Amino acid sequence: FPSHDTAVCFYGDGEAAADSALLVSASKGNLVGMPSIKKEGTVEVKALLSPILRAGSRFQVESRTISGVYVAESVAYSGDNTQGEFVMVITGSPA
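Residues numbered from 1 in each chain as written. Predicted model: local features only at pLDDT ≥ 70, side-chain atom pairs only at ≥ 80, totals over all residues. Heavy atoms only, no water.

## Section: the nonpolar core
Val 45, Leu 53, Phe 59, Met 88 and Ile 90 are the most contacted members of the largest nonpolar core, which has 15 residues in total. Elements supplying a minimum of two residues to this core: β1 (22-25), β3 (43-48), β4 (58-62), β5 (67-78) and β6 (87-94). Apart from the residues lying within four places of it in its own chain, the contact partners of Met 88 are Leu 22, Val 45, Lys 46, Ala 47, Leu 48, Leu 49, Ser 50, Leu 53, Val 75, Ala 76 and Tyr 77. (Core = buried A, V, L, I, M, F, W, Y, C linked by side-chain atoms within 4.5 Å. Buried < 20%, exposed > 50% of the residue type's maximum accessible area, 1.4 Å probe, protein only. Helix = DSSP H or I, 4+ residues; strand = E, 2+ residues; numbered from the N terminus. Contact = heavy atoms within 4.5 Å.)

Take a look at the structure:
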């Protein structure tokens, strides 16, 4: 399949793409559930789908339990067009 985004980028630990950080928060309406802290200080956040976020991008979390700026290590997408929401699960480390 053709792709419009064919560049492969490699980032070192703590490095991120130069784009601006996506804000994920309840007040913005894109945070789904509560973010959680995983092993070695990484966070896992479930949010409504955003086309600007991908692995290597920065994202900012604002919740009652976790706040800060992180670098996305992985982004997994799920959802369908017949029911439910399109969501992404972001795993990230502190920026």
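## Remarks on a nonpolar patch on the surface
A cluster of nonpolar residues, Leu 49, Tyr 77 and Phe 86, forms a patch on the protein surface that exposes about 310 Å² of accessible area. Structurally, the position occupied by Phe 86 is in the loop between β5 and β6. We classify Phe 86 as partly exposed; its relative accessible area is 41%. (Patch = residues over 30% accessible without salt bridge, like charges linked within 9 Å, V, L, I, M, F, W, Y side chains within 5 Å. Areas by Shrake-Rupley, 256 points an atom, 1.4 Å probe, with all protein chains shown as cover. Salt bridge = Lys/Arg side-chain N within 4 Å of Asp/Glu carboxyl O.)

## What to know about the pairing of β4
What you see with β4 is a clean split: Phe 59 and Val 61 sit on the buried side and Arg 58, Gln 60 and Glu 62 on the side with no burial. Alignment of β1 against β4, held across four bridges, turns out to be parallel. Along β4, the bridge assignment pairs Val 24 with Val 61. Where β4 and β5 come together, five bridges link them in antiparallel fashion. Residue pairing across strands places Arg 58 opposite Val 71, the latter belonging to β5. The hairpin formed by β4 and β5 contains four residues between the paired strands. (Pairing = 2+ DSSP bridges.)

## Some words on the pairing of β5
Where β5 lies against β6, eight bridges are found, and the strand directions are antiparallel. Residue pairing for β6: Ala 76 is matched across the bridge by Val 89.

## With respect to the sheet that holds β5
What the six strands build is an open sheet, ordered β1-β4-β5-β6-β3-β2; its pairing is mixed. One side of each edge strand has no neighbouring strand; the edge strands of this open sheet are β1 and β2 (31-37). Pairwise comparison of adjacent strand axes, ignoring direction, gives a mean angle of 35 degrees for this sheet. Pairing of β3 with β6, which is carried by six bridges, proceeds in the antiparallel orientation. Each bridged residue has a counterpart across the sheet, and for Ala 47 the counterpart in β6 is Met 88. (Axes fitted to C-alpha atoms, helices over the stretch in contact; angles between N-to-C directions.)

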